[in-house]
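# Structural overview
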Amino acid sequence: MSGVKKSVTYLLIVALFGIIIYQNPFCCTAVYSQETELKYLKQLGMNGIEKGRFAFPHSLAVDNLGNIYVGDTGNKRIQKFSPNGTFLTSWGSEGTGDGEFLGLHDVTVDPEGKFVYTVELKNHRVQRAPHQIAVNSLGKVYLTDSNANQILKFYDNGTFIGTLGSKGVGPGQFNTPHGIAIDANDNIYVTDMKNYRVQVFDSKDTFVRQWGSLGTGAGQFSETVPGIAIDSNNRVYLVDKINSRVQMFDNTGNYLSSWGSDGKGAQQLHKPEDIAVNDEGVGIYITDTRNSRVQILQVIE
């Protein structure tokens, strides 16, 4: 999840399996080179309990200054790193109290870096950790409800609005929706995992388009696509977990590039879970969960 450097209004988007911050639209349709590709930069961390090490990191987020927040699920904590990967601080321990975690599943940070939000499956809650001041959130809140195969909609004060979708295979229907993200033009992107596709809705919740199918080829997905992120150029990044790769598309679903293969090597992935980007895809961060590390990429054009 990406931070931005503009003064805009933000909305907290919470999901049962994911949480994102929504930014009001400010830009445009991007034009991409056919030679756009993803390039490996380095890895962050390794297996362990010490500072800067991980045990099954599941989620991550990036703030507007480029600081990296990693949901270190096995160690039941959040770790924060500088843009160059230097360990800064950590917090959390096992438990049900404030600032404690069970089933730490997702993390996001508001674009100004003032609040960190976490989703816990076993404690069935979202926690917010203040750094300075409250977030000025306006608009609708969208929650992916994987069990009910729908998106729940709320006002930011918690008032229920309605639902989007139902179980099925048709446009606007879902079979285990999981990841959710919103682009700069208010369009909502949902990873419809067991339909092996991404679905896109406009700001009025109207179905716009879909792409994807089951397989290992370009633009195809495995049965698990947990993570999605969108950069400020409206490039869409998807974690194709079982295929152990990340795929990149434009915002209409045209395939651009992919990176990764299954393994434990320096430039490989093993069942990655989540992805976050900073402005313009300069830094792309992937939780390489089963290898207990974060892989860092960049876009080359």
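Residues numbered from 1 in each chain as written. Predicted model: local features only at pLDDT ≥ 70, side-chain atom pairs only at ≥ 80, totals over all residues. Heavy atoms only, no water.

Helix and strand counts for the chain stand at zero helices and 24 strands. In the chain, which comprises 301 residues, the proportion classed as buried is 56%. Counting only contacts in the chain whose residues sit at least 6 apart along the sequence, the fraction spanning at least 24 positions is 49%. In the structure as shown, the chain presents an accessible area of about 12,400 Å², 48% of it carried by carbon and sulfur atoms. (Helix = DSSP H or I, 4+ residues; strand = E, 2+ residues; numbered from the N terminus. Buried < 20%, exposed > 50% of the residue type's maximum accessible area, 1.4 Å probe, protein only. Contact = heavy atoms within 4.5 Å. Areas by Shrake-Rupley, 256 points an atom, 1.4 Å probe, with all protein chains shown as cover.)

Turning to the sheet that holds strand 14 (residues 177-182), a few remarks are in order. Backbone hydrogen bonds are what pair the strands of a sheet, in a parallel or an antiparallel way. Read from one edge of the open sheet, four strands run 14-15-16-17, paired in antiparallel fashion. Each edge of the open sheet is held by one strand with a lone partner, namely strand 14 and strand 17 (207-211). Pairs of neighbouring strands in the sheet enclose a mean axial angle of 20 degrees, with direction left out of account. Across four bridges, the pairing between strand 14 and strand 15 (residues 188-192) is antiparallel. By the bridge assignment, Ile-180 is partnered in strand 15 with Val-190. (Pairing = 2+ DSSP bridges. Axes fitted to C-alpha atoms, helices over the stretch in contact; angles between N-to-C directions.)

Turning our attention to the confidence of the model for the chain. When pLDDT is averaged across the chain, the result is 79; 79% of the residues are at 70 or more. Element-level mean pLDDT values for the chain span from 38 in strand 1 (residues 10-14) up to 97 in strand 17. Low pLDDT, under 50, characterises residues 1-17; the predicted model gives this stretch 90 contacts beyond four residues in sequence or across chains. Scored below 50 in pLDDT, residues 130-138 makes 25 contacts in the model with residues more than four places away or belonging to other chains. (pLDDT = per-residue confidence, 0-100.)

Here we come to the nonpolar core. Counting 16 residues, the largest nonpolar core has Leu-38, Tyr-237, Trp-259, Ile-275, Ile-284, Ile-286 and Leu-297 as its most contacted members. Among the elements of the structure, strand 3 (37-44), strand 19 (236-240), strand 20 (245-249), strand 21 (255-259), strand 22 (275-277), strand 23 (284-288) and strand 24 (293-300) are those that each provide at least two residues to this core. Those residues within four positions of Ile-284 in sequence are excluded, and the remaining contacts are Leu-38, Tyr-237, Ile-275, Ala-276, Val-277, Gln-295, Ile-296, Leu-297, Gln-298 and Val-299. Residues Ala-181, Val-198, Ile-228 and Leu-238 belong to the second largest nonpolar core, which totals 12 residues. (Core = buried A, V, L, I, M, F, W, Y, C linked by side-chain atoms within 4.5 Å.)

Below, the discussion takes up the sheet that holds strand 7 (residues 87-91). Strand order in this open sheet of four strands is 4-5-6-7, and the pairing throughout is antiparallel. The open sheet has two edge strands, strand 4 (57-62) and strand 7, and neither has a second partner. Each neighbouring strand pair of the sheet contributes to a mean axis angle of 20 degrees, computed without reference to strand direction. Looking at chain direction, strand 6 (residues 77-81) and strand 7 are connected through four bridges and run antiparallel. In the strand pairing of strand 7, Ile-78 is matched with Trp-91.

Attention now moves to the packing of aromatic side chains. Taken as a whole and judged by the stated rule, the model has nine aromatic pairs. Ring geometry for Phe-174 and Phe-201: centres 6.0 Å apart, planes at 55 degrees, overall tilted. Remark: Phe-201 occurs in strand 16 (residues 197-201) and Phe-174 occurs in the loop between strand 13 (160-164) and strand 14; sequence separation between them is 27 residues. Here the two residues Phe-174 and Phe-201 agree in accessibility, since each one is buried. Between Phe-249 and Tyr-255, the aromatic rings sit 6.0 Å apart at their centres with planes inclined by 75 degrees, giving edge-to-face as the arrangement. By relative accessible area, Phe-249 is classed as buried at 1%. Put simply, the rings of Tyr-189, Trp-211, Phe-221, Phe-249 and Tyr-255 pair up and form one aromatic cluster. (Phe/Tyr/Trp six-rings, centres within 6.5 Å; stacked < 30°, edge-to-face > 60°.)

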